[in-house]
Amino acid sequence: MTVPYTRHTLANGLDVIVHEDRRMPLVAVSVWYHVGSKNEVPGRTGLAHLFEHLMFEGSEHQPGGYFGPLQEAGASLNGSTSADRTNYWELVPRSARRLALWMEADRMGWFLPALSEARFENQRAVVLNERRQTYENRPYGLAQFVLMEALFPPDHPYYWPTIGEPADLAAATLEDVRAFFRRYYHPGNASLVIAGDVDTDDVLREVEELFGPIPAGEPVAPLPARVVPPVSRRLLYEDRVELPRLYLAWPSPVLFAPGDAELDLAADLLANGRTSRLYERLIHDRRIAVELAAGQTSRELCGTFQIIATAAPGHTLDELEATIHEEVARFAHDGPTAPEVGRGRVQAETAFALRVQSLGGFGGKADQLNAYNVYLGQPDSFDADLSRYVGATAVTLRDATSAWLDPGRAVALGVVPAGRSELSLTGATAVSVGGGA
Amino acid sequence: MTPRRFDRPGPGAPTPVRFPAIARETLDSGLGIWVVQHAPVPVATITLIVSRGTGDDPVDRHGLASLTGDLLDEGAGDRDAIQLADAFAGLGTQLEVDVGPDATALSVTTLSRVLGPVLALMADVVARPRLAAADFNRVRELRLNRLRQLSRSAATVADRMYVSAVFGTHAYGHGALGTTASLDAITLEDTREFWTRMYASSTATLIVVGDVQADEVVREARRAFGRWVGSIESGPRLTAPDAPPDPRVFLVDRPGAPQAELRLGHLGPPRQTPVYHALVGVNAVLGGQFTSRINRRLREEMGVTYGARTTFDFRRVGGAFSCDSSVDATAAADAVRDVLTEFDLIREGPVPDDELASAKASLTRGYVRNFETGGQIARAVAQIATHGLPDDTFDRFVPAIEAITAEQVQAAAEVFIRPADATIVVVGDAERSREALAAIGRPVVVSAPEF
């Protein structure tokens, strides 16, 4: 599978990638800035994400906010911030292409003049609401924060959550925001994709006109990968929940490194869906768990692998833990069966075919071209990426599992109903979240 | 650089929308086969619509439709639950079962080259489910635990409270999962009877959208579903919801909660309402979009929420209108007042021309985005099947929206936005918000939905 493209780098360093797909009268615009919460410093966590909110509030020549003119032109638009990157996108009818590009150019080049204390205060309040709604007021919503604080040391960029600590958000200043923009939001740290019903030469001319005058910035050196050693920790967190839930977590390969695709496949074979080994044992046969999931989270500095299971009433987290470790160890020793390898392969092939159905939005073709360009320097890496999955064998799956998922060196967290610490994992230490307290 | 560089470009000319043609064939069993050719990628979305849903739950068996739907693929034909999941996975896909108020949808998105085998598996699931005791017991137990888990989700608690307050005892007035008590009452025999009475080829529609040929789909469907024969009465079984408005404040206590989950609204019209397009316009101005009045007020001016939206939940014989948000616990009462004020304002005067033009433009110019993927087209076709809409429904949308006037929007709002009737649900820390909520001037009842 290939997604043909033309890449051109402007004099100011902006990567521009154009993919023509003229079957629908739509154009997807995607801008990635290679900055995320990993670029923050302790004491100012949450700045990258708060900054993303401010990017929708206005720029010098569009001071009235970004949603109005774009929605009126028929756009859908959004943005998101992760530990590694920040992205912005518009999906517009063909005729609104210039508008979408103009808007992205204006906030890339002329953002600061529209920034005001009132906007900053408003969006800081919105972000605090987002944090409370999405994490604090949701069952198990803080578990990931606990896990990251346990897996990583306090000076590792994945120690703190992308949404930020409330105290850090409260301490952030307008000057912090300005400095952040100057440091990270410039053409050389960005990648622009235009995909859809466009003529390549025509759109490249337009991009040159709109983005060309934006001054180049100081290059941003990529942060080096920092894969941490696995640690053995047993933790307890009490929450507003009904049933105790177990989280097992390990550090794992970085994005696109050897073992990354294998662990992604292993997650499915071990614990995702009714065909997985642990579903059959924990939910179907023994009925000791009621919810189950696993995942390899691939990131630039260090991956994380997790298996999550909720105990059925009357069953303990220790029981779940023992069975999961037993099954992981068996997989790490014997490897998957031939039918399992085949199933993983056909599911990957289908998933890659489904991934190119949409031009825009999160996960659309424009977003994926940007991801490959930013992380690999090669926009059309669809085949190379798929070949990692198709090329995985029983041996490589076994080896990746045994190399990374040591049962003796996992972070094991039990989230239990408040006031029911007797439901904890044996030998676990109670923890709170935020600044490692 | 010319000064023109800094003039914001306009939106350009509108993009016309042509919904693709639906090719139709009906098998002798009454099963409708609807095919839309859409071939940008070698993929097909297959949806089987069975025209029965949670609205068909017996009064003392809430959750039966959803439990039955869930059980279908826990063993069917020659395969048990795990073998069936393996069979779908071996084709690179999985089956999704969605049980809604008016219909049940079984869906698969997959490579179009495995259309035949996927249809055969789907036919097993719908026509030859085992509905065996061991699977029933396991799935019911999982659902009982799911209910326990959901009872701690503020958003689910709010939705349950809201739906039961607004629809009352009507068949739309309960959640798909039912309650612990109703699940305890349901027997294996109930699911078998429900399947026998409700899953019939005569009222089902197989929708296939993707890189396929209509004649090939019909041939494969005939082979797979040919033996599935069952006839039941078609058409709506339910009468329109008519619960009297209950404009009280239902306060569900969630001690220590840092946010308050809000729902405000009342009954609404069915999908087939003649003022559908005017109501889409009302919603776009009031709360359907980021730039709508309520989100602007609560998020961009007050900073008390991450987002607030209004929705008309258009169902087959009736519906509901609601505003949903999660707000800062200390701001719940003020947010409720602000929402009610916006409900009032849109009734009291015509929407200013520029605001209406902007709302209409976003609806019409962006409409083409709704039909990009096979999955989107399949969902649109499923609406036609579920609500009995004409085939030109989506082609008529843009001109119909363009034609609505400020007077029509106001007239529709006067009838269908009724702040005085609105039920108010607040899920939050009762101690922190009760007094302020009482000051709104409506009775405050501390309540909790049944789980």
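This write-up is about the structure you can find in this document. In this text, all values refer to a predicted model and were calculated from it rather than measured experimentally. (Residues numbered from 1 in each chain as written. Chains lettered and ligands numbered in written order. Predicted model: local features only at pLDDT ≥ 70, side-chain atom pairs only at ≥ 80, totals over all residues.)

## Details of helix α4 (residues 133-150) of chain B
Residue and element names in this part refer to chain B. End to end, α4 covers 25 Å across 18 residues, agreeing with the expected 26 Å (1.5 Å per residue, within 8%). Every buried residue belonging to α4 is among Asp135, Phe136, Arg140, Arg143 and Leu147, and all of these are buried. An end-on view of α4 places all buried positions within 120 degrees of arc, on one side of the element. (Helix = DSSP H or I, 4+ residues; strand = E, 2+ residues; numbered from the N terminus. Expected span 1.5 Å × (residues − 1). Buried ≥ 20, exposed ≤ 12 C-beta atoms within 10 Å, placed from the backbone. Arc of directions from axis to C-beta.)

## A closer look at the environment of B:Ala165
All names here are of chain B. Along the chain, the position of Ala165 falls in helix α5 (residues 154-167). Considering only alpha carbons, one finds Ala165 and Pro245, 80 residues apart in sequence, at a separation of 8.5 Å. In contact with Ala165, other than residues within four places in its own chain, are Asp246, Phe250, Thr423 and Val425. (Contact = placed C-beta atoms within 7 Å.)

## Some points on the sheet that holds strand β2 (residues 15-20) of chain A
Residue and element names in this part refer to chain A. Within the open sheet, the six strands sit side by side as β1-β2-β6-β3-β5-β4. Their pairing is mixed. Of all the strands in the sheet, just β1 (6-9) and β4 (76-81) have a single pairing partner and so form its edges. If you compare each strand with its neighbour and ignore which way they point, the axes differ by 15 degrees on average. Where strand β3 (residues 26-33) meets strand β5 (residues 86-93), eight bridges bridge the pair, whose relative direction is antiparallel. Pairing of Tyr33 across the sheet is with Thr86, part of β5. Across the sheet, helix α3 (residues 97-109) is in contact with β3, β5 and β6 (190-196); its angle to β3 comes to roughly 10 degrees. Its contacts with the sheet put helix α13 (residues 365-376) on β2, β3, β5 and β6, and the angle it makes with β6 is roughly 145 degrees. (Pairing = 2+ DSSP bridges. Axes fitted to C-alpha atoms, helices over the stretch in contact; angles between N-to-C directions.)

## Considering the nonpolar core
All names here are of chain B. Of all hydrophobic cores here, the largest spans 137 residues; its most connected members are Met122, Ile207 and Val381. Counting residues per element, this core draws most heavily on helix α3 (residues 115-127), which supplies nine residues. Setting aside anything within four residues of it in sequence, one finds Val381 in contact with Ile22, Trp34, Val36, Ile207 and Val209. Counting 64 residues, the second largest nonpolar core, distinct from the first, contains Val157, Ala257, Leu262 and Val409. (Core = buried A, V, L, I, M, F, W, Y, C linked by C-beta atoms within 7 Å.)

## Quick look at the interface of chain B and chain A
The parts lose accessible area when they come together, and the size of an interface is often stated as this lost area. Counting residues at the interface gives 58 residues for chain B and 57 residues for chain A. When contributions to the side of chain B that touches chain A are tallied by element, the ones reaching two or more residues are α2 (81-90), β7 (104-111), α4, α10 (293-301), β11 (305-314), β12 (319-328) and α12 (353-365) of chain B. Grouping the constituent residues of the side of chain B that touches chain A by class yields 23 nonpolar, 23 polar and 12 charged. (Nonpolar A, V, L, I, M, F, W, Y, C, P; charged D, E, K, R; others polar.)

All quantities given are derived from atomic positions and should not be read as evidence of function.
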